[in-house]
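Inside the fold
Read off the chains here:
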Amino acid sequence: MDREHKGNGRALRRQVLLLSLLSFCSWAASEQIQYSIPEEMPKGSLVGNLAQDLGLSARELAQRNLHAVSVDDMQYFTISAENGKLYVNDRIDREGICDTTTLCLVNFEAVVENPLNIFHVTVVIEDINDNAPYFANGNIRLEISESSALGTGFLLGKAEDPDIGMNSLQKYQINPNQYFTVEVRESNDGKKFADLVLQKPLDREREQSFQLTLFAIDGGEPRKTGTSQIQINVSDTNDNFPVFSQEHYKVKLRENLPVGSFVLQTVASDDDEGTNAQITYHFSNVQLNGQEKFSLDPVNGTIILKGPLDFEETKEYTVRVAAKDGGGLVTHCNIEITVLDENDNSPEVSIVSLFSPVPEDSLSGTLIALINVKDKDTGNNGKVTCNLQKHLPFKIIPSSNNYYKLQTDSPLDREKHSEYNITITATDQGTPPLSTQKTISLLISDINDNSPFFEKTSYTVYVPENNPSGASIFTVKALDPDMDQNSQITYSILYSNIKELPISSYISINSETGALYAQRSFDYEQFREFQLQVKAQDGGSPPLSSNVTMRVFILDQNDNSPRILSPSQESKGSALFEMVPRSAEEGYLVTKVVAVDADSGHNAWLSYHVIQATEPRFFTVGSHTGEIRTSRAFMEKDAAKQKLVILVKDNGQPSLSATMTLNLVFAENFQEALPEMKNQSSLPDYQSDLQFYLVLALALMSFLFLLTVILAILMKLRKSGNPKFLQCFAPVPHSKAGAIFPPNFEDGTLPYSYQLCLSSESRKNEFTFLTPNIQIADNILCNNTSGVPILGNGENSLNSEMENTDKNPSADQDMPEEGKANFSARRMNGRHKENSGSVRLLFLLLLSLFCKTASEQIQYSIPEEMEKGSSVGNLAKDLGLSPGEIASRNLHVLSLDKEQYFTISTENGKLYVNDRIDREGICGETIFCLINFEVMVENPMNIFHVTVAIQDINDNTPHFLNKDIRLEPSELTLPGARFGLGHAEDSDVGMNSVQNYQLTSNQYFTLETRDSDDGNKYAELVLSKQLDRESESSFYLTLLAVDGGKPARTGTAKIWINVIDANDNPPVFARELYKVSMMENAPKGSSVVQVKATDRDEGSNAQLIYSFSNIAESARKMFLLDPQNGTIRVIETLDFEGKDKYTMMIEAKDGGGLVAHCKVEIKIVDENDNAPEIVLVSSSSPIREDSASGTLVALINVKDRDSGENGNIVCHLLSNLPFQIVSTSNNYYKLLTDGALDRENTPEYNITITATDKGNPPLSTLKTISVQISDINDNPPAFEKPSYTAYVPENNPSGASIFRVKASDQDLDRNARIIYSILKSNIEDLPLSSYVSINSETGIIYAQRSFDYEQFREFQLQVEARDGGSPPLSSVVTMKVFIVDQNDNSPQILYPSKGVEGSALFEMIPRSAEADYLVTKVVAVDADSGHNAWLSYHLLQATEPGLFTIGHHTGEIRTSRTFLERDAVKQRLIVLVKDNGHPSLSATVTLNLVFAENFQEALPEMKNQSNSPDYQSDLQFYLVLALALISFLFLLTVILAILMKLRRSGNPTFLQCFGPVPPSKAGAIFPPNFEDGTLPYSYQLCLSSESRKNELTFLTPNIQIADHVLFGDKSGEPLTGNEGNNLDSEVANMNMQAQPVNTDWRFSQAQRPGTSGSQNGDENGTWPNNQFDTEMLQAMILASANEAAAAAAANPDGNSTLGGGATAGTMGLSTRYGPQFTLQHVPDYRQNVYIPGSTATLSNAAGKRDGKPAASGGGNKKKSGKKEKK
């Protein structure tokens, strides 16, 4: 309170100081006006007459503009502009404005103008009683223990009242009651708070709660009150133990009870309440298996089944449950759970022994299996009966002691049932009964009792004729119901009705698959059907077989062409002439075509058609009759000779046909028809065709003749006795003894062969072979005698495997194949018989063993834990067996258990311990522990049941499940209280189990031993003396469990007892009042103070919780109290200006509900944390740039929320600007101009005002005021350049932009808006607007027309720029426009001038003109200028390019050499004249030059000449004749050379390519660089069914040809290629003197046909694809060569023209292969032609086709060596 009064005093002193300072200002008033009003005055209430108090008259109010100025957000007051009075403008709440400050002032300024005065007005706000006291917590809740002492005070806090003085809170009252009173206390800050004082002891059992009302009363008139409700709850003390509703619970559960089922609920109650009455349940002593089976709900005491119960595992459970209240008091109860047996175990079926497989001929009663059944249930639930499902040939017979025998009951048949799944059902007698099924899989072994049988009784097969040899035609299938070897079927052919040849030459069969293969290609015309019988035999012993008949029908195929019988044809294939009368009418029968077809059926149906006729509509032919008739009468215009081509076609698919030609002559008699029947030579087209066909026939006959001779030579060589030569081409004879096939191949398929010749024309790189699935005979391979069969694996690969038959392969190789098969079968049959006999013997022995069983039972008794090997008893003696019978009757243990505890000695028959016997592990807690097993003797078979009783020994020590027992009794527990300790476990039984418990001696507790209903003993701890936690807080005892064995064994458990404290001590604070000072800039989370209270109790009673008990809402938002350690922290930013002091009450409450209080006062220390605030009161912006110095710009107010020096402020401007800041009174400042302003230099000022306080460190605030300078029109527009030059290319598009002028104006807005216009120009002929225009806004100049450089080249204009100011300002600029030349004119040739047809006139050149002779000069001009007009001259085309040159820049045409005789007299030049533009333009001129000495000599050359020679038709005839003759001689020479070489060499490796070629080590055998040549070469390949792979790849040859490829030619000369496509021809240089003829016929590789070149046939023309066309063409070329030889002989000068006057490039061919089919279309065959006795060189009359000049010298020298021979 004193702090606030001091603060208010300082505020008043500051105001007085400011008022005094105001009096010193010359332009400010010296008065300060003060008013006083109560708060909450209505809006519009009069405060005072401010104008009167300021001395202002009514007239001055309007002129001086009296108004209020305040920097606060709220404008509480307003001044009337009419009368100058001060009125309330808004609600005034003193508490909202000044809070608890006693003196509340509202300050503002009154401003008058003309001149400017500021008056400070202060209004004092007086308090009224408008607020009632109120409690921050309207509901006070107290928890008071019933054991609280009298006079204990409980803090109720304080009430708040915003009013001050007597209007604030004065006292507290409480409604009357007998237990509590209220006591009013006053804090150091003068505030009052209340305490509740206990006057009478509390009793929770009589009254548990109280409802009181607390009143807070102020001192105003009238008084106002505030209330708070006090809710008092009396807390209980823990003085009552929990009590169970029963001390002993018993329950029975069925073992099939589902998991999660309810077992029972234990219920305990406690008279206490709250935590003292909250009871938790837990197991205090339970067996381990019980913990796994049951769970206890700790809240409601419900026991739930956690795991499945099993009567067979545990029959009874004993559980001890403890109930503990919240104070630590504990009570126990016992629970006994009995498990009732259910029929929940199905019988178990075990197979003791099983005999499988069983022969299908086994007798009835044969033993199959020995079975044991058992059931884990007891009583009727454990009695089991067994049975089988019905309709099975088996029966089950019970034996003794749950053993059963499974036997056959009827005969077995494997073919009907090869396997039996025998299901044995074991059913117990429980309710409901349970059963178990055991399925035994029994296999029936096979005997060979079934013969193979075919799917059909007979088979019919249809085979199309011409079938491939070796193809599969049918597959027969036989089945055998037997298994394995008995069902392995072998197929064979017995006989057939074919008598000419053995059946193996027609049909073979695969012995394994039954697939039938045709061994030859059948012909329907030879025989049409045959019959055979197939045999199927199994592999049994003895084997069984069956036969089937098969009829094979041959189907006709359309493989015979029709044969024309009439009219008969001549040897040339054409019928004789038929004469038709000229007077024949329509329908006249000319003749009839008669034809037959060797096929049958539809394939023999024939139809007749006319496919060619001289007059197509003159004749018709009957489609089915073949009659040729006239379709109209003969007319004069018709030809007398008619030719018909008749097609006879059969009806097959595809159809076959034959043709015949009829020559018909229209005449009345024979004499008239005879001239027409002769050959006529007057038809040039017919003659040409005749020549063509003659050449074609001659080439064909030559080829056939050569082929005949070669085949004759091959046949001769084959007969010469060479066994290795082309063995694969030899016919394979059929052996009389049968075909030679691999083993196990009975009449199998005869492998078939493929023979294939492949040339380079074969484009595909793979060839597919059928994959035969059989073994290949040795004699199929070409001379393959390796003896290694190639076996098929069903895939497309070749697998070569060596047959390994036995350790002695030579023996098997010497043995015949049939013998090998029989030998293998005998070995297999022997093994089968041996195995079958052993199985049967075993069955007989087992049958005799199980013929009977014994019914005796032997019992022994031994103690547990006997050593291994200890004797149990003499079992053989007890069974009555002599020592000799022990081994013979095989006495042994028969047990189904995993553990074999006992064993029988085979020497003496005694029973010994075989493994460790632990009674507890075997029988658990069962008193009588028995081990049962069976022993068996044989011969005869007996089964004896043996029972061994296991006696218990004291081998287990008692042990506690919980070895650390912890108890927590309260110190208030009364003597006589009991605490259950549980019981100890002992696996032994009887006297060896636990008998007594013992406890270490102490003064507080004793031990009692009690018996449970199940006979177990458990211990209880009894309190005998009152506990005192302060004297002794814990105890440690030892509990012993002692059994009754000799010697006795003991087990121990530790007992830990912790005494629980009672809550009898309240908390105590270290100080009652805490005072602390906090800086207001303390960061969030800072620790303010830590209050500390202590409690002598412990545990939850000593756990203290701190909380605010009485705190203002503003303080609650600023501070946070840690409830655990009592630390107060700052959670919000502290603000001294908001509040400088906080007071609060802290409460410490322990776990028992006892409470203590303390008071905390927090004082806030001021920091300089508030920067000054700058407020712009008024502002004038924009201001004109011509404003005078001292003009008022803005009025500014500054303030600082800090106090003292921290609130003193000084203002100044930040930078050097034409402004100044002047201080006025009461923190007001004026901003004035201080110099001239120029908007163009600075259009805007950002004036930064800095306000700095005097704190430490000082804080400052920057306030930037943006002042805009308004513009005036004081700047004219200015162009970027003083003048402009624009370059416009000619031919510009009309309307295109050519230039842009740009002017700028430093003024703003309208003053800166520029308008462009064109004033004048120097163009006088037309108005300026027809040339250019300007955009008035952008200054873009547009061309209004397309300029032409050749018309005018430049012009000038003036452009004006004017702004939009008032008055407007303008400026002018001059602009020159230059037209830029473009290359838009082509050169124009002036000389020589062109003629009418566009060609220059003839120029004559003397023949004697020397080199560099000036022929003429080409003169040209270009209308363009500069580089575009620079011209250059080029010689584009010339008859002789090397004869003339042209000056590049002059255009002068000169001779480059003298004229030669071989030069053409007439020369033609094309000259190109080109300018230098981009792109360049050009013009051409043609010059015709004639070499002559005078005009008369040149005149004939100037005229057109016809150079079309007449060809001689006889030349074609001689050419064909010569070519045929040379071909014949060439073939004859080659054949004779081959025969002579063969005769002389006698080389057995002749034609090695047809024999088996071993893999070459040098690589593949191919010509080098072969790609796709024109001369094909052949691959010859022998392929048989051995070929398992389905693709054959032809590699691209890239190496030299090996020696043996060219049939013995070992010259070693490789064939090389130049990979070109040109034909090079070497021509001798024809000089004035005769040169010797070159006899070398060598050419480049590109000219060679075949593999040496890779040229494409279809390059520049049509290449004949037909083989015969090629041969005919070759024949004609050879004929031409012969003609050349004749010409060389006749022309001694050696100049051969090859064809006389033939057109250049045709080599003398006829017009059929004339100019349109020149040598460029044909491969050069000249290197293949040898003309004996001739020295002529075949040359190309057209010159060098590859662009190379002819050789100037003679021919090349002839190369010697092997190539010449070749």
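Please read all numbers here as calculations on a predicted model, not as lab measurements.

Counting its regular elements, the protein contains 17 helices and 106 strands. Across the 1766 residues in the protein, those meeting the buried criterion constitute 41%. Working note: accessible area of the protein is about 94,300 Å², and carbon and sulfur atoms make up 50% of it.

Within the element layout of this structure, Met1079 appears in strand 72 (residues 1073-1079). Judged by its relative accessible area of 34%, Met1079 falls in the partly exposed class. Spatially, the C-alpha atoms of Met1079 and Ile1164 are 5.8 Å apart, while their sequence positions differ by 85 residues. In contact with Met1079, other than residues within four places in its own chain, are Leu1134, Val1165, Asp1166 and Glu1167.

In space, the 3 strands of this open sheet follow the order 90-94-93, with antiparallel pairing throughout. Since the sheet does not close on itself, it has two edges, and those belong to strand 90 (1297-1300) and strand 93 (1332-1334), each with one partner. Strand-to-strand, the axes of this sheet are offset by a mean angle of 25°, without reference to chain direction. Two strands pair when backbone bridges link them, and strand 90 and strand 94 (residues 1340-1343) are joined in this way by 3 bridges, in the antiparallel orientation. Of the residues in strand 94, the one forming a bridge with Ser1297 is Tyr1342.

Below, the discussion takes up the side chain of Glu1020. Counting through the fold element by element, Glu1020 comes out in strand 68 (residues 1017-1023). A distance of 3.1 Å separates polar atoms of two side chains, one belonging to Glu1020 and the other to Arg978. Residue contacts for Glu1020: discarding those within four places in its chain leaves Arg320, Arg978, Phe979, Gly980, Leu981, Thr1006, Leu1007, Glu1008 and Arg1010.

In this structure the tally under the stated criterion is 38 aromatic pairs. An aromatic cluster of at least three residues, connected via ring pairs, comprises Tyr506, Phe522, Phe527 and Phe530. If you follow Lys315 out to its NZ or CZ, it ends over the ring of Phe311, 4.9 Å from the centre. The cationic tip of Arg1345 hangs over the ring face of Tyr1331; the distance from NZ or CZ to the ring centre is 4.4 Å.

Another aspect to go through is the nonpolar core. Counting 30 residues, the largest nonpolar core has Phe1069, Phe1119, Met1144, Ile1146 and Ile1162 as the members making the most contacts within it. Those elements giving two or more residues to this core turn out to be strand 72, strand 73 (1087-1090), strand 75 (1105-1111), helix 13 (1113-1118), strand 76 (1119-1121), strand 77 (1127-1130), strand 78 (1141-1149) and strand 79 (1155-1165). With 5 residues, strand 79 is the largest single contributor of residues to this core. If we skip the residues at most four places from it in the chain, Ile1162 touches Val1076, Met1078, Val1088, Phe1119, Asp1140, Lys1141, Tyr1142 and Met1144.

Read across the sheet, 3 strands follow the order 64-68-67 without closing on themselves; strand pairing throughout is antiparallel. Edge positions in the open sheet fall to strand 64 (978-982) and strand 67 (1005-1011), since each of these has one partner strand only. Neighbour-to-neighbour, the strand axes of this sheet turn through a mean angle of 30°, independent of strand direction. Inspection of the sheet shows strand 67 paired to strand 68 by 7 bridges, in the antiparallel sense.

Our next topic: the pattern of salt bridges. In total, this model carries 37 salt bridges according to the counting rule given. Residue Asp1186 is joined to Arg1184 by a salt bridge in which the shortest nitrogen-to-oxygen separation is 3.1 Å. Owing to a relative accessible area of 45%, Arg1184 belongs among the partly exposed residues under this scheme.

Take the state of the cysteines next. Per the counting criterion, the structure on display carries 2 disulfides. Disulfide partner of Cys98: Cys104, at an S-S distance of 1.9 Å. Here Cys98 and Cys104 share a disulfide; its torsion about the S-S bond, 75°, makes the bridge right-handed. As far as burial versus exposure is concerned, Cys98 and Cys104 are alike and both buried. In this model, Cys923 is linked to Cys929 through a disulfide, with the two sulfur atoms separated by 1.8 Å. With the S-S dihedral at roughly 70°, the linkage between Cys923 and Cys929 falls on the right-handed side.

Our next topic: the pairing of strand 29 (residues 384-388). The alternating pattern of strand 29 places Val384, Cys386 and Leu388 on a buried face, while none of Thr385 and Asn387, on the opposite face, is buried. Two strands pair when backbone bridges link them, and strand 29 and strand 32 (residues 419-428) are joined in this way by 5 bridges, in the antiparallel orientation. Among the inter-strand pairings, Asn387 is bridged to a residue of strand 32, identified as Thr425.

Let us look at the environment of Thr425. Looking at where Thr425 falls in the secondary structure, it is placed in strand 32. Separated by 76 residues in sequence, Thr425 and Val349 place their C-alpha atoms 8.7 Å apart. When sequence neighbours within four positions are dropped, the list of residues in contact with Thr425 reads Thr385, Cys386, Asn387, Ser435, Thr436 and Gln437.

There is a patch of nonpolar side chains on the surface, built from Phe705, Leu1525, Phe1528, Leu1529, Leu1532, Leu1536 and Leu1539 and spanning about 610 Å² of accessible area. In terms of residue count, helix 15 (residues 1513-1545) provides more of the nonpolar patch than any other element does, 6 residues in total. You can see Phe1528 is positioned in helix 15.

Attention now moves to the pairing of strand 94. Remember that side chains alternate between the two faces of the sheet whenever the strand is regular. As paired elements, strand 93 and strand 94 share 3 bridges and run antiparallel to each other. The residue bridging Ser1333 from the neighbouring strand is Tyr1342, located in strand 94. In textbook terms, the turn of a hairpin is the stretch between consecutive antiparallel strands, and for strand 93 and strand 94 this stretch comprises 5 residues, one of which, Gly1339, has a positive phi near 80°.

We now examine the confidence of the model for the protein. When pLDDT is averaged across the protein, the result is 76; 75% of the residues are at 70 or more. For residues 1504-1512, every residue scores under 50 in pLDDT, and the model assigns this stretch 5 contacts once sequence neighbours within four places are set aside.

Another aspect to go through is unusual backbone geometry. Residues Asn1256 and Pro1257 are joined by a peptide bond in cis, for which omega reads -5°. By secondary structure assignment, the location of Pro1257 is in the loop between strand 86 (1244-1253) and strand 87 (1260-1270). Between Tyr1391 and Pro1392 the backbone carries a cis peptide bond, its omega angle lying at -5°. One non-glycine residue, His391, adopts positive backbone phi at about 60°. One can find His391 in the loop between strand 29 and strand 30 (394-398). Even without being a glycine, Asn1291 presents a positive backbone phi close to 65°. In this structure, Asn1291 sits in the loop between strand 89 (1283-1289) and strand 90. You can call Asn1291 partly exposed: its relative accessible area is 40%.

Let us look at the side chain of Thr408. Here Thr408 is to be found in strand 31 (residues 403-408). Its relative accessible area of 1% is what places Thr408 among the buried residues. A polar atom in the side chain of Thr408 sits 2.9 Å from the backbone oxygen of Leu363. Ignoring any residue separated from it by four or fewer positions in sequence, one finds Thr408 in contact with Leu363, Ser364, Gly365, Thr366, Ile368, Pro393, Phe394 and Lys395.

What counts and what doesn't
- Residues numbered from 1 in each chain as written.
- Predicted model: local features only at pLDDT ≥ 70, side-chain atom pairs only at ≥ 80, totals over all residues.
- Heavy atoms only, no water.
- Helix = DSSP H or I, 4+ residues; strand = E, 2+ residues; numbered from the N terminus.
- Buried < 20%, exposed > 50% of the residue type's maximum accessible area, 1.4 Å probe, protein only.
- Areas by Shrake-Rupley, 256 points an atom, 1.4 Å probe, with all protein chains shown as cover.
- Contact = heavy atoms within 4.5 Å.
- Pairing = 2+ DSSP bridges.
- Axes fitted to C-alpha atoms, helices over the stretch in contact; angles between N-to-C directions.
- Polar contact = N/O pair within 3.5 Å; in protein donor to acceptor, adjacent residues only side chain to side chain.
- Phe/Tyr/Trp six-rings, centres within 6.5 Å; stacked < 30°, edge-to-face > 60°.
- Lys NZ or Arg CZ within 6 Å of the ring centre and 35° of its normal.
- Core = buried A, V, L, I, M, F, W, Y, C linked by side-chain atoms within 4.5 Å.
- Salt bridge = Lys/Arg side-chain N within 4 Å of Asp/Glu carboxyl O.
- Disulfide = S-S within 2.5 Å.
- Patch = residues over 30% accessible without salt bridge, like charges linked within 9 Å, V, L, I, M, F, W, Y side chains within 5 Å.
- pLDDT = per-residue confidence, 0-100.

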